Amino acid sequence: MTEAVPLRPDLFRETPEGPTLLAVRCKSCGQVVFPVRDLCLACRSGELTMIELGSDGELLCATTVHMPTQATRPGDAVGYVIMPPGVRVFTQIDKRGDALPEPGTRMKLRIAPLRTDGDTEVLAYRFAPAEEVTADA
Amino acid sequence: MRDVFVLGVGQSDFGKFPECSIAELGRQAAQAAIADAGIDAGELQAAFASRVYEGMITGQTVLKDLGVARIEVVNVENACAGGSTAVRSLYKDIAAGYVDVGIAIGVESMTTSPIAGKLIPPARDDLDGQLGMTMPVWFALQAQRLMQTHGAKPEDFARISVKAHDHGALNERAQYRKRLTVEEVLGSRMIADPITLLQCCPNTDGAAAVVLGSAEAAARTDAVAVRIAASTLVSGDFTFRTADLTTLELGARAAAMAYEQAGIGPEDLDVIELHDAFASEELVHYEDLGLCPRGEAVGLLRSGATALGGRIPVNPSGGLLSLGHPLAASGVRVICEITDQLRGRCGDRQVPGAKVGLAQMLGGVVNGLDAGAASVHILTV
């Protein structure tokens, strides 16, 4: 049986409201940093609270990648999604057929297999246009 | 701090030379720089060398074949800005009075490197890299933003590559001396939308070297001494503090520090060499270097101001796009080109009467930072 493991710990989790990305907020200066770490990069405080960024974002920009990379096949799309409170997240993107979603499109987080390592499925986050995720549900 | 001068510059051929060792490429450049400086190699008191891929004691490996041993040799790495870092490190040692004359060398053999034939990969555990981030992807996303925020068109990006190849066609050292049309650039294979193959720099083997010296050392040679009026090197800031992809804050910061150090402004520049691994990024550097107000880089390009014959020619050498990009060599090579421009010996690609030039280099992409390193040197005669 195939085992599914996240790409790295504390990257995302499932909640009753759906998946969420995880980040930290500094108790001292308020800076939010993704992904989770044990030190505030802005003020170097170690007093951090893990927070949920939720699953909603807005597409800043995207590109279709036409050569293979470590994690994508030709034709796959990647881009940046801005999540409240302004966190810029690099992510793989679900296209609409062959078309890239437009900048400004409302995007929804989903958790999906990134690759398979032997019998282990490695899970990562990606984003799809929000209406498509809603329609699938 | 003492004044520091470029006494000599040298460059190997740029191209694909898998049969050519690091020692041989480096020797070509170092030997040329030493001869250009009019000194004996035995006068070198220190050396800084840079290489990204791979191996150890690059500087010693190069210099031993020139009969140079025993001196202090430091090997540095800073991605594509490694060569600039070597130059700056030597600059600081001379300015501080530790040594009077030394050499900085950048050398790269991409065709024999562990990543030969591959993209420059991020670190294995880099989160963005694990999700598909590569250099062309990052610059493609920046180009996408330039189209949204600046009204840039794919034709503009293509025009930058056409300009680089027009310049490179005039440079006998360029890897690709073929002139291109906008249609040819746009029609080449798509790499990451909107970046096509002919908007990407090639993989290149090559080396560049500069001999620097104090005023006293300069006075002992017949070489036309070019003063380093500013030398800066900064690292990137966290992406949560950077507003957008259309400015590289570290590049703007390195430039602002350099202008302050030199006591000049961007309006005083006659010629510029900068990092154009991907054509579209040149627009970002126009604004980060202050060549035009924010938002007006596309207009500056379209005006022709940054082509040879324009107000402020950028990359008369052909840049990384046409001349080629042996990673650690490029940061030294841009200083070689500016030196040659200020000495008036660039032949068909000479910027007439150039007295003040700027050499910029950028290095490295890593999750969480806007880039790894940026360096700016301002040279004057």
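Residues numbered from 1 in each chain as written. Chains lettered and ligands numbered in written order. Predicted model: local features only at pLDDT ≥ 70, side-chain atom pairs only at ≥ 80, totals over all residues.

## Digging into the overall build of chain A
The following threshold applies: Per the convention used, a helix needs a DSSP run of H or I reaching at least four residues, while a strand needs a run of E reaching at least two, with both numbered from the N terminus. Only the C-alpha atoms count toward the radius of gyration. The rule for a globule is 2.2 Å times the residue count to the power 0.38. With C-beta atoms placed from the backbone, the exposure class of a residue follows from how many other C-beta atoms lie within 10 Å of its own: 20 or more, buried; 12 or fewer, exposed; in between, partly exposed. Here, residues touch in the contact sense if the C-beta positions derived from the backbone fall within 7 Å of one another.
The helix and strand inventory of chain A stands at one helix and ten strands. Listed N to C, the secondary structure of chain A is β-β-β-β-β-β-β-β-β-β-α in terms of helices and strands. Radius of gyration (C-alpha) of chain A: 16 Å, near the 14 Å computed for a compact globule of 137 residues. In terms of its C-alpha atoms, chain A occupies a principal-axis envelope of roughly 45 × 40 × 30 Å. Across the 137 residues in chain A, those meeting the buried criterion constitute 34%. Taking the intrachain contacts of chain A between residues at least 6 apart in sequence as the baseline, contacts between residues at least 24 apart amount to 46%.

## A closer look at the nonpolar core
Residues and elements named next belong to chain B. Heads up, the rule is: To define a nonpolar core, we join buried Ala, Val, Leu, Ile, Met, Phe, Trp, Tyr and Cys residues through C-beta atoms within 7 Å and take the resulting set. Domain start and stop points were drawn from an automatic or database domain assignment.
Within the largest apolar cluster, 167 residues are counted, with the highest numbers of intra-cluster contacts made by I105 and V210. If you tally residues by element for this core, the top one is helix α13 (residues 327-342), at nine residues. Taken domain by domain, the makeup of this core includes at least three residues from each of domain 1 (4-115 + 204-228) and domain 2 (127-202 + 230-380). With sequence-adjacent residues up to four places away left out, I105 is seen in contact with G26, A29, A30, A47, A49, G59, V62, A86, A207, A209 and V332.

## Let's talk about the pairing of strand β1 (residues 4-11) of chain B
Residues and elements named next belong to chain B. Note the following rule: By this definition, two strands are paired if DSSP reports at least two bridges between them.
Summarising burial for β1: eight of the eight residues are buried, a large majority. As defined by bridge partners, β1 adjoins strand β7 (residues 205-214) across seven bridges and the pair is classed as antiparallel. Across the sheet, residue V9 finds its bridge partner in β7, namely V210. Here β1 pairs with strand β8 (residues 226-235) via two bridges, running antiparallel. If you follow F5 over to β8, its bridge partner there is R227.

## Considerations on the interface of chain B and chain A
Accessible area lost when the parts come together is the quantity often used to give the size of an interface. Our working definition: Amino acid classes used here: Ala, Val, Leu, Ile, Met, Phe, Trp, Tyr, Cys and Pro are nonpolar; Asp, Glu, Lys and Arg are charged; the rest, including Gly, are polar.
In this assembly, 22 residues from chain B lie in contact with 26 residues from chain A. At the level of elements, α4 (127-130), α5 (135-149) and β5 (190-192) of chain B are the ones that each hand at least two residues to the side of chain B that touches chain A. Here the side of chain B that touches chain A gets six residues from one element, more than from any other, and that element is α5 of chain B. Classifying every residue of the side of chain B that touches chain A gives twelve nonpolar, seven polar and three charged.

## Some thoughts on the domain arrangement of chain B
All names here are of chain B. If you check the domain split of chain B, you get domain 1 (4-115 + 204-228) and domain 2 (127-202 + 230-380). Look at where the C-alpha atoms of domain 1 and domain 2 centre, and you get two points 23 Å apart. The interface is formed by 38 residues belonging to domain 1 together with 35 residues belonging to domain 2. Looking at the side of domain 1 that touches domain 2, the elements that each hand over two or more residues are β1, α3 (82-95), β4 (101-109), β7 and β8. No other element matches α3, which puts eight residues into the side of domain 1 that touches domain 2.

## Considerations on the environment of L362 of chain B
Residues and elements named next belong to chain B. Topologically, L362 is positioned in strand β10 (residues 356-363). In the structure, L362 is positioned 280 residues away from G82 in sequence and 9.0 Å away in space, judged by C-alpha atoms. Those residues within four positions of L362 in sequence are excluded, and the remaining contacts are C80, A81, L248, G251, H275, A371 and A374.

## Focus: α13 of chain B
Residues and elements named next belong to chain B. What counts here: For a helix, the expected span equals 1.5 Å multiplied by the residue count minus one. Axes are fitted to the seven residues ending at a residue and to the seven starting at it; the angle between these axes is taken as the bend at that residue.
Here α13 contains 16 residues, and its C-alpha end-to-end distance of 24 Å stays within 8% of the 22 Å for a straight helix at 1.5 Å per residue. Helix geometry: α13 is bent most strongly at R333, by close to 25 degrees. Among the 16 residues of α13, 16 are classified as buried, and the element is accordingly described as predominantly covered. Following α13 by one or two positions, G344 adopts a phi angle in the positive range, close to 70 degrees.

## Observations regarding the sheet that holds β10 of chain B
All names here are of chain B. Rules: Note on geometry: axes are C-alpha line fits, over the in-contact stretch for helices, and angles between N-to-C directions span 0 to 180 degrees.
Ordered by their spatial adjacency, nine strands build an open sheet running β3-β2-β4-β7-β1-β8-β11-β10-β9, and the pairing between neighbours is mixed. One side of each edge strand has no neighbouring strand; the edge strands of this open sheet are β3 (72-76) and β9 (271-273). Sheet twist, expressed as the average angle between the axes of neighbouring strands with direction ignored, equals 25 degrees. On top of the sheet, helix α9 (residues 249-262) reaches β8, β10 and β11 (373-380); it is set at about 145 degrees to β8, its chief contact.

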